[in-house]
Amino acid sequence: MIPDEMVASLEDFLRADEDGELAREIIAALERLQLRLDAEGQKMHLRSTFKAIDAARQAVQAGMLAMVLYGVGEQQAAIPKT
């Protein structure tokens, strides 16, 4: 489990990222990790290893979804309220 301080810290860094470079770097790193896990998942592994790879894939997908949701939230916050 990620400590609350680390989550808050990442959120602070993302909010301070005015040009979106940090968010793009995080998404790119998650995409690279997803590709590596997909390639590794294609190999023959013991069942326990395959389960660990599958769990890691799901965690990466959750991270990517969190980044997408964060981006949508930031876009919504930027829309002026009328």
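Everything that follows concerns the structure shown earlier in this document.
The rules behind the values
Throughout, a residue's number is its position along its own chain's written sequence, starting from 1. In keeping with the predicted nature of the model, local features appear solely for residues at pLDDT of at least 70, side-chain atom pairs appear and are counted solely at 80 or more, and the whole-chain, interface and lining totals rest on all residues. Here the side-chain values reflect all heavy atoms present in the structure, with hydrogen atoms and water set aside. The numbering of helices and of strands both runs from the N terminus, where a helix is a DSSP run of H or I of at least 4 residues and a strand a run of E of at least 2. Atoms counted for the radius of gyration: C-alpha only. Globule rule: 2.2 Å times residue count to the power 0.38. For each residue, the accessible area found with a 1.4 Å probe, counting protein chains only, is set against the maximum for its type, and the residue is called buried under 20%, exposed over 50%, and partly exposed in between. Contact definition: two residues touch when any of their heavy atoms are within 4.5 Å. Accessible surface is estimated by sampling points in the Shrake-Rupley manner with a 1.4 Å probe; for residues, cover comes only from the protein chains shown. The charge count includes Lys and Arg as positive and Asp and Glu as negative, but it does not include His or the ends of the chains. By convention, the point assigned to a charge is CZ for Arg, NZ for Lys, CD for Glu and CG for Asp. By nonpolar core we mean a set of buried residues, namely Ala, Val, Leu, Ile, Met, Phe, Trp, Tyr and Cys, connected to one another through side-chain atoms within 4.5 Å. In this description, a line fitted to the C-alpha atoms serves as the axis of each element, helices being fitted only across the stretch in contact, and the angle between N-to-C directions of two axes falls anywhere from 0 to 180 degrees. Put simply, angles under 35 degrees are roughly parallel, angles over 145 are roughly antiparallel, angles from 65 to 115 are roughly perpendicular, and the rest are oblique. Note on convention: near helix rotated counterclockwise from far helix by under a right angle means a left-handed crossing. Clockwise means right-handed. Helix span is expected to be 1.5 Å times the residue number reduced by one. It is the directions from the helix axis to the C-beta atoms that the arc portrays.

**Remarks on the overall build of the protein chain**
Assigned secondary structure in the protein chain consists of three helices and zero strands. In the protein chain, the succession of α and β elements from N to C terminus is α-α-α. Against the 2.2 N^0.38 benchmark of 12 Å for 82 residues, the protein chain shows a C-alpha radius of gyration of 16 Å, more extended than a compact globule. Judged by the C-alpha coordinates and their principal axes, the protein chain covers about 55 × 25 × 20 Å. For the protein chain, with 82 residues in total, the buried portion stands at 17%. Taking the intrachain contacts of the protein chain between residues at least 6 apart in sequence as the baseline, contacts between residues at least 24 apart amount to 48%. Of the accessible surface of the protein chain, which amounts to about 6,700 Å², a share of 62% is contributed by carbon and sulfur atoms. The distance from the centre of the 9 positive side-chain charges to the centre of the 14 negative ones in the protein chain is 11 Å.

**Examining the nonpolar core**
One finds Leu14, Ala23, Ile26, Leu30, Leu37, Ile53, Val60, Met67 and Tyr70 forming the largest nonpolar core, which totals nine residues. Contributing elements (two or more residues each) for this core: helix H2 (21–42) and helix H3 (47–78). Those residues in contact with Met67 that sit more than four places away from it in its chain are Leu14, Ala23, Ile26, Ile27 and Leu30.

**What to know about the packing of H2 against H3**
The contact between H2 and H3 brings their axes to 10 Å, and the two run at 160°. By the angle between their axes, H2 is roughly antiparallel relative to H3. Crossing of H2 over H3 shows left-handed handedness. Along the contact surface, H2 presents Ala23, Ile26, Ile27, Leu30, Glu31, Leu33, Gln34, Leu37, Asp38, Glu40 and Gly41, while H3 presents Phe50, Ile53, Ala56, Arg57, Val60, Gln61, Gly63, Met64 and Met67.

**Brief notes about H2**
Between its first and last C-alpha atoms H2 spans 32 Å; for 22 residues at 1.5 Å apiece the expected length is 32 Å, and the two agree. Listing the buried residues of H2 in full gives Ala23, Ile26, Leu30, Gln34, Leu37 and Gly41. Take H2 and look down its axis: the buried residues cluster within an arc of 80°, on one side only. Exposed residues pointing more than 90 degrees away from the buried face of H2 are listed as Arg32, Leu35, Arg36 and Gln42.

**A short note on H3**
In a regular helix each residue adds 1.5 Å, so 32 residues correspond to 46 Å; H3 covers 47 Å between its end C-alpha atoms and thus fits that length. Among the residues making up H3, those that are buried are Ile53, Arg57, Val60, Met67 and Tyr70.

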